[in-house]
Amino acid sequence: MSIDTVKEKKLLITLVGPPNSGKTTLFNLLSGKKHKTVNYPGATIEYSISSFLEQYGINANLMDSPGIISLIPASPDEKVTIDNLYIHPEFGKPDLIIVTADASQLSRHLLLARQIIDSGFKTIVVLTMNDLLAEKSFSIDDKELSVLLNCEIIKFDPRKSDGINTLIDIIKSNLNGDTKTINKRVRITDDDILCIYREIEVIEKHVLIDLNKDNHEDPRVAKANRELVIAGAGSMIKLPDKLTVNIDKILLHKYWGLFIFIFVMSLMFTSIFWLASPVMGLVDDSIQALGNLVTDTFGNYWYSDLISKGIIGGFGVVLVFLPQILILFFVLGILEDSGYLARGAMIIDRPLSMLGLNGRSFVPMLSGFACAIPAIMAARTIQNKRERYLTIFIIPLMSCSARIPVYGLLLAFLFPGKYFLSGLILSLIYVTGVIISLIVAGIINRYKKTFLKFEDNSSFIMELPVYRVPKITNVIKNTYSNAVQYLQKAGPTIITFSLIIWLLTYFPNNAPDTISKENGNTASISKLIESERISNSYAAQIGKTIEPVMRPLGLDWRVGVSLIATFAAREVFVSSLALMFKVTETDDNMSATLIKEMKNAKISGTNEYLFTTATSAGLIVFFMLALQCISTIAITKKETGGWRIPILQLIIYTGSAYLLAFVTVNGLRFIGIN
Amino acid sequence: MTVADLNSGQRAIIKDIDFSHPSSNRVVEYGFTPGQELQVLNKSIFNDPLSVSLRGALIAIRKNDARCIEVILANEH
Ligand SMILES: Nc1nc2c(ncn2[C@@H]2O[C@H](COP(=O)(O)OP(=O)(O)O)[C@@H](O)[C@H]2O)c(=O)[nH]1
Ligand SMILES: [Mg+2]
């Protein structure tokens with residue numbers, strides 16, 4: 001939850017509305033924030049608060065809330081959402097509620113507005129999506145609606161700022177005077193809802209203006225006409241967006257639908273590698289150049305080693321894979337904005353429900369490819385507790401973007417220069433992760449009595465939003481801010497751990513006097529010094545104690561230390577390898593050098609190669625399964641309210657990761673692939 | 001007859017809601033109320049869930065949830 005300058009006495013304005021009605025867009029406009037807006041019901045999952053932009057001159061806090069369609073909670077979580085609306089534990093009672101309602105779906109969206117008004121909140125209603133209604137040649141008589149609802153109404157497109165001043169004036173005038181709302185919790189029954197709907201249907205007839213018919217006529221005739229026209233059952237307004245219906249004929253086709261769905265998903269995974277490969281080399285070269293520059297300017301001292309290898313090298317090897325992460329975010333953004341995600345949820349609801357999941361598990365699982373933390377939070381949109389916990393349980397098996405650098409490095413090592421093949425293997429890794437997660441879900445679902453002991457009504461009802469051409473500028477903006485967030489989150493951890501590992505590998509810095517300076521050139525001498533320094537370092541001393549665990553996987557203490565460091569962030573694996581194998585100054589770019597060093601590396605004290613096809617494959621398997629992320633453990637504990645699930649995950653996933661990596665390495669060796 | 005029994009493309013008018021069904025609350029909140037006309041547009045693989053056009057919106061609903069919506073077929077044209 002983001003809290004900006006929240007002061008005790010400030011007034012509170014809360015945005016409330018059904019999912020996809022434009023709350024977050026309006027919130028962003030009024031507060032100048034850049035929260036994510038998504039064409040999918042259930043994108044906002046937490047209350048967030050901010051002050052108004054200074055230029056509007058409103059001294060109040062504005063709160064964005066998760067979408068609800070009615071004040072009757074359907075699940076414990078929704079109950080919390082609704083209770084928080086009446087009185088928020090941190091921010092108190094709202095002084096004013098702004099209800100957003102989609103004008104093109106007035107009869108459904110007024111339900112909530114009506115309930116809010118009836119509960120005694122001081123309310124204004126913002127009608128959004130008037131452009132969509134106009135496409136159907138209708139408009140809404142907001143004056144009339146205002147009278148009928150007994151509340152102020154304004155038509156407004158929160159994506160633009162036209163007419164913002166009127167909105168601001170209305171907000172201000174509603175904040176003046178007696179702002180004490182006398183909201184009381186009224187019990188709303190099914191009958192009440194039916195009743196409200198009946199009223200709304202009458203209201204709708206009064207306020208809808210048919211733009212084709214009403215234009216040239218006397219307003220009174222027009223109004224009478226309206227009531228006649230709208231009363232017909234086949235009225236235009238009841239028809240959904242035509243284009244959307246036509247696209248759905250293909251995308252929701254009984255058989256093609258699933259086929260296209262699988263195609264879209266696989267395309268997403270493969271494009272990560274294919275689209276990124278041209279850019280990667282560029283990033284790589286520039287970082288290497290920077291590192292070289294540092295060594296050249298500062299000379300061969302410990303601090304130039306620290307900067308060029310510890311910081312630029314450690315962080316840089318991870319940065320090389322940023323283009324791939326950006327492309328993942330970009331493709332996800334396009335999917336989110338198009339309106340396809342809700343269709344995806346519908347298409348795989350049935351298959352998922354056979355495994356004890358829900359169609360609503362799809363979007364959390366998909367965002368798990370970016371990062372498990374928001375994904376686990378997004379699981380809140382699943383009403384059934386058993387399905388929600390099961391979704392949370394399997395999310396860590398989705399290959400998150402932090403694993404991209406690891407896979408990227410290992411794939412580049414295994415298939416140098418073969419981008420097409422690497423792309424295919426990468427999607428295979430993703431798909432295998434998904435398949436394993438489904439198997440896990442299926443197994444747990446069979447023994448659900450022992451694992452997840454609650455029974456709720458399982459249901460799937462979801463609005464399918466109108467298709468939209470994704471706004472590329474928006475998607476790019478979102479991708480950019482995602483990337484910044486990614487760097488802000490992973491950056492400090494990577495740098496800190498790079499420093500720690502640099503320290504551990506540099507010191508105690510026993511000057512080896514056994515090396516004679518008679519033979520060999522300076523380059524090979526400095527290399528000898530370096531390897532001597534590392535094998536006597538503190539890191540080696542720590543690493544040697546865990547070496548027995550690593551040996552069965554064909555790995556040594558250096559990889560072991562790197563693996564331990566991944567618990568801070570998975571990317572650290574790559575940066576720590578770069579430090580362990582001392583990627584030194586060369587003309588080649590950084591990852592090429594690292595790969596060369598990896599090729600030559602031998603398990604310390606033996607003549608065995610460290611990175612072989614078998615051991616690299618084993619490492620990939622390990623990373624696919626292991627739960628190595630402290631933040632994921634923490635958020636799972638928070639969202640499930642206990643240690644039970646995260647600890648089960650840690651044991652099951654990390655245990656089987658080790659086991660399966662062992663099987664992979666030795667299986668491959670057995671069939672002759674070393 | 002319930003919405004779950006409709007074929008793709010069929011129109012129907014909601015007659016009643018079975019309030020003993022655990023999903024009935026949700027269903028009503030989404031706007032399935034007696035008297036409304038709806039049309040089943042698409043069915044997903046395994047014929048479940050359905051996408052339904054209602055009140056100008058498209059709603060995906062599982063067959064099991066749709067069982068609480070009792071309908072009568074609308075006259076064609
Ligand atoms: N056509 C149209 N789209 C809008 C309007 N207002 C918001 N949107 C879009 O509707 C989608 C949902 O908006 P969002 O603010 O995330 O809705 P929320 O779920 O209520 O927070 C976004 O893609 C917005 O760009 C509007 O007035 N007209
Ligand atoms: Mg939102």
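No experiment lies behind these values; they were computed from the predicted model shown.

1. Comments concerning the overall build of chain B
Scanning chain B from N- to C-terminus turns up 2 helices and 5 strands. In chain B, the order of α-helices and β-strands from amino to carboxyl end is β-α-β-β-β-α-β. Its C-alpha radius of gyration of 11 Å places chain B within 12% of the 11 Å reference for a compact globule of 77 residues. Principal axes of the C-alpha set define a box for chain B whose edges measure 30 × 30 × 20 Å. Contacts in chain B between residues far apart in sequence, at least 24 positions, make up 59% of those at least 6 positions apart. Just so you have it, chain B exposes about 2800 Å², and 45% of that area is on carbon and sulfur atoms.

2. Side note on the sheet that holds strand β3 (residues 50-54) of chain B
A sheet is described by the order of its strands in space; here 6 strands give the open sequence β9(A)-β4(B)-β3(B)-β2(B)-β1(B)-β5(B), paired in antiparallel fashion. Either end of the sheet is taken by a strand with one partner, and the two such strands are β9 (461-464) of chain A together with β5 (69-73) of chain B. Strand-to-strand twist in this sheet, taken as the mean axis angle between neighbours without regard to direction, amounts to 40°. Two strands pair when backbone bridges link them, and strand β1 (residues 11-17) of chain B and strand β2 (residues 37-43) of chain B are joined in this way by 3 bridges, in the antiparallel orientation. Note on β2 of chain B: the bridge partner recorded for I13 of chain B is E37 of chain B.

3. Structural notes on the pattern of salt bridges
All names here are of chain A. A complete count under the given rule lists 14 salt bridges over all chains for this structure. D118 is the salt-bridge partner of R114, the closest N and O atoms lying 3.5 Å from each other. In this pair, R114 and D118 both sit in helix α3 (residues 106-118), 4 residues apart, roughly one turn of the helix. Residue R114 is classed as buried on the basis of its relative accessible area, which comes to 16%. Of the charged contacts in the structure, one is a salt bridge between R558 and D556, with a shortest N-O distance of 3.0 Å. Residues R558 and D556 agree in their burial class; the two are buried. Put simply, D131, D157, R159 and K160 are held in one network by salt bridges that share partners.

4. A few points about the pairing of β3 of chain B
Residue and element names in this part refer to chain B. The element β3 is largely enclosed, with a buried count of 5 among its 5 residues. Neither face of β3 is open: one carries L50, V52 and L54, the other S51 and S53, and all of them are buried. Joining the antiparallel neighbours β2 and β3 is a turn of 6 residues, in which F46 adopts a positive phi near 65°. One ladder, built from 5 bridges, connects β3 with strand β4 (residues 57-61); its direction is antiparallel. Of the residues in β4, the one forming a bridge with L54 is A57. The hairpin turn running from β3 into β4, its antiparallel successor, is 2 residues long, and R55 in that turn takes a positive phi close to 50°.

5. Considering the sheet that holds strand β4 (residues 96-102) of chain A
Strands belonging to one sheet form pairs held by backbone hydrogen bonds; the direction of such a pair is parallel or antiparallel. Residues and elements named next belong to chain A. An order of β2-β3-β1-β4-β5-β7 is seen for the 6 strands of this open sheet, with the pairing classed as mixed. Looking at the sheet topology across the chains shown, the edges are occupied by β2 (48-51) and β7 (152-155). Each adjacent strand pair in this sheet contributes to an overall mean axis angle of 25°, direction not counted. Of the strands in this sheet, β5 (123-128) and β7 are in contact with helix α5 (residues 142-149), which crosses β7 at around 150°. This element, helix α6 (residues 164-175), spans β1 (11-16), β3 (60-64), β4, β5 and β7 of the sheet and lies at about 165° to β7.

6. Quick look at the interface of chain A and chain B
Facing the 50 residues of chain A at the interface are 37 residues of chain B. For the pair chain A and chain B, the summed buried area comes to about 3800 Å², and 57% of that belongs to carbon and sulfur atoms. Linking R55 of chain B and E201 of chain A is a salt bridge whose minimum nitrogen-to-oxygen distance equals 2.6 Å. Here chain A is connected to chain B by 16 residue pairs in polar contact (both at pLDDT 80 or more). Of all the secondary-structure elements, those providing two or more residues to the side of chain A that touches chain B are α3, α7 (190-207), α10 (242-251), α14 (340-347), α15 (349-354) and β9 of chain A.

7. Section: a positive patch on the surface
All names here are of chain A. On the surface, a cluster of positive charge is contributed by K34, R468, K471 and K477. For K477, the location among the structural elements is in helix α22 (residues 472-506). On the basis of relative accessibility, which here comes to 52%, the residue K477 falls in the exposed class.

8. Topic: the pairing of β2 of chain B
Residues and elements named next belong to chain B. Most of β2 is tucked away, with 6 of its 7 residues classed as buried. Across 5 bridges, the pairing between β2 and β3 is antiparallel. Pairing of N42 across the sheet is with S51, part of β3.

9. Considering the confidence of the model for chain B
The share of residues in chain B with pLDDT of 70 or more is 97%, and the mean pLDDT across the chain is 92. For this predicted complex, the interface confidence comes out at an ipTM of 0.96, alongside a pTM of 0.86.

10. Here we look at the nonpolar core
Residue and element names in this part refer to chain A. In terms of nonpolar packing, the biggest core is built from 119 residues, with M268, F362 and F611 touching the most fellow members. The dominant element in this core, judged by the number of residues it contributes, is helix α11 (residues 256-298), at 10 residues. Excluding its chain neighbours within four sequence positions, the residues that come into contact with F611 are F413, V559, L577, F581, M598, A601, S616 and L619. Listed in part, the 65 residues of the second largest apolar core include I82, F91, F121 and I461.

11. Things to note about the site of ligand 1
All names here are of chain A. Every one of the 18 residues lining ligand 1 counts as a neighbour, but K23, T24, T25, D131 and R468 are closest to it. For ligand 1, an oxygen atom lies 2.7 Å from a polar atom in the side chain of T24. Separating an oxygen atom of ligand 1 from a side-chain N or O atom of D157 is a distance of 3.0 Å. Contact with the protein chains hides 96% of the accessible area of ligand 1, taken as 580 Å² for the molecule alone. Mapped onto the shell around ligand 1, the elements with two or more residues apiece are α1 (23-31) and α4 (130-135). Residue contributions to the shell around ligand 1 peak at 3 residues, all from α1.

Here is what the cut-offs are and how they apply
- Residues numbered from 1 in each chain as written.
- Chains lettered and ligands numbered in written order.
- Predicted model: local features only at pLDDT ≥ 70, side-chain atom pairs only at ≥ 80, totals over all residues.
- Heavy atoms only, no water.
- Helix = DSSP H or I, 4+ residues; strand = E, 2+ residues; numbered from the N terminus.
- Rg over C-alpha atoms; globule rule 2.2 N^0.38 Å.
- Contact = heavy atoms within 4.5 Å.
- Areas by Shrake-Rupley, 256 points an atom, 1.4 Å probe, with all protein chains shown as cover.
- Pairing = 2+ DSSP bridges.
- Axes fitted to C-alpha atoms, helices over the stretch in contact; angles between N-to-C directions.
- Salt bridge = Lys/Arg side-chain N within 4 Å of Asp/Glu carboxyl O.
- Buried < 20%, exposed > 50% of the residue type's maximum accessible area, 1.4 Å probe, protein only.
- Buried area = accessible area lost by both parts, 1.4 Å probe.
- Polar contact = N/O pair within 3.5 Å; in protein donor to acceptor, adjacent residues only side chain to side chain.
- Patch = residues over 30% accessible without salt bridge, like charges linked within 9 Å, V, L, I, M, F, W, Y side chains within 5 Å.
- Lys, Arg positive; Asp, Glu negative; His and termini not counted.
- Charge placed at Lys NZ, Arg CZ, Asp CG, Glu CD.
- pLDDT = per-residue confidence, 0-100.
- Core = buried A, V, L, I, M, F, W, Y, C linked by side-chain atoms within 4.5 Å.
- Near = heavy atom within 4 Å.

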